[in-house]
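Geometric and topological summary
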Amino acid sequence: VQLQASGGGLVQAGDSLRLSCAASARTFSSYTVAWFRQPPGKEREFLAALKRYNSNGVYEEAVKGRFTISRDNAKNTVYLQMNSLKPEDTAAYYCAASSTVISSTISNHRFYTYWGQGTQVTVSS
């Protein structure tokens, strides 16, 4: 599976952005998909995920209510809508997919097999 992330950019605090991640998989709905980010000099951190065959998002507490993950299986694309952006949201954002990750490991980046190349989001104050 190849993933291609896009949609990052330079925005001001309070703005919104929608990231997209296009996948090559023909059975995209059978993959759990997730978004992570990695701020400069820090560890990669979980943001949100959608379990396969499930439309209910799982979110990290820090972004719950501001970020929304969604998928369009017909377009093989997963989205991350980010609202009320803050300077601390500045990071490289990555999409990931896995056909084997389970609920107890859904927020652990080590359990994802496929990764997009990352898209940079910079939020100025």
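Below you will find a few notes about this structure. Values in this document were obtained by computation on a predicted structure and should not be read as measured data.

1. Brief notes about the side chain of D89
Inspection of the secondary structure assignment puts D89 in the loop between strand 8 (77-82) and strand 9 (91-98). In contact with D89, not counting residues within four places along its chain, are R37, R66, F67, S84, V121 and V123.

2. A closer look at the packing of aromatic side chains
For the coordinates displayed, the defined rule picks out six aromatic pairs. Summarising the aromatic geometry, the rings of F36 and Y112 are spaced 5.3 Å apart at their centres and angled 75° between planes, so their arrangement reads as edge-to-face. One end of the pair, F36, is in strand 4 (residues 32-38); the other, Y112, is in the loop between strand 9 and strand 10 (114-115), with 76 residues separating them in the sequence. The same class applies to F36 and to Y112, which are both buried. Grouped by ring-pair contacts, the aromatic residues F36, F46, Y94, Y112 and W115 constitute a single cluster. The ring of Y79 carries the charged tip of R18 above its face, separated from the ring centre by 4.2 Å. The positively charged end of R44 is found above the aromatic ring belonging to W115, 4.7 Å away from the centroid.

Cut-off values and rules
- Residues numbered from 1 in each chain as written.
- Predicted model: local features only at pLDDT ≥ 70, side-chain atom pairs only at ≥ 80, totals over all residues.
- Heavy atoms only, no water.
- Helix = DSSP H or I, 4+ residues; strand = E, 2+ residues; numbered from the N terminus.
- Contact = heavy atoms within 4.5 Å.
- Phe/Tyr/Trp six-rings, centres within 6.5 Å; stacked < 30°, edge-to-face > 60°.
- Buried < 20%, exposed > 50% of the residue type's maximum accessible area, 1.4 Å probe, protein only.
- Lys NZ or Arg CZ within 6 Å of the ring centre and 35° of its normal.

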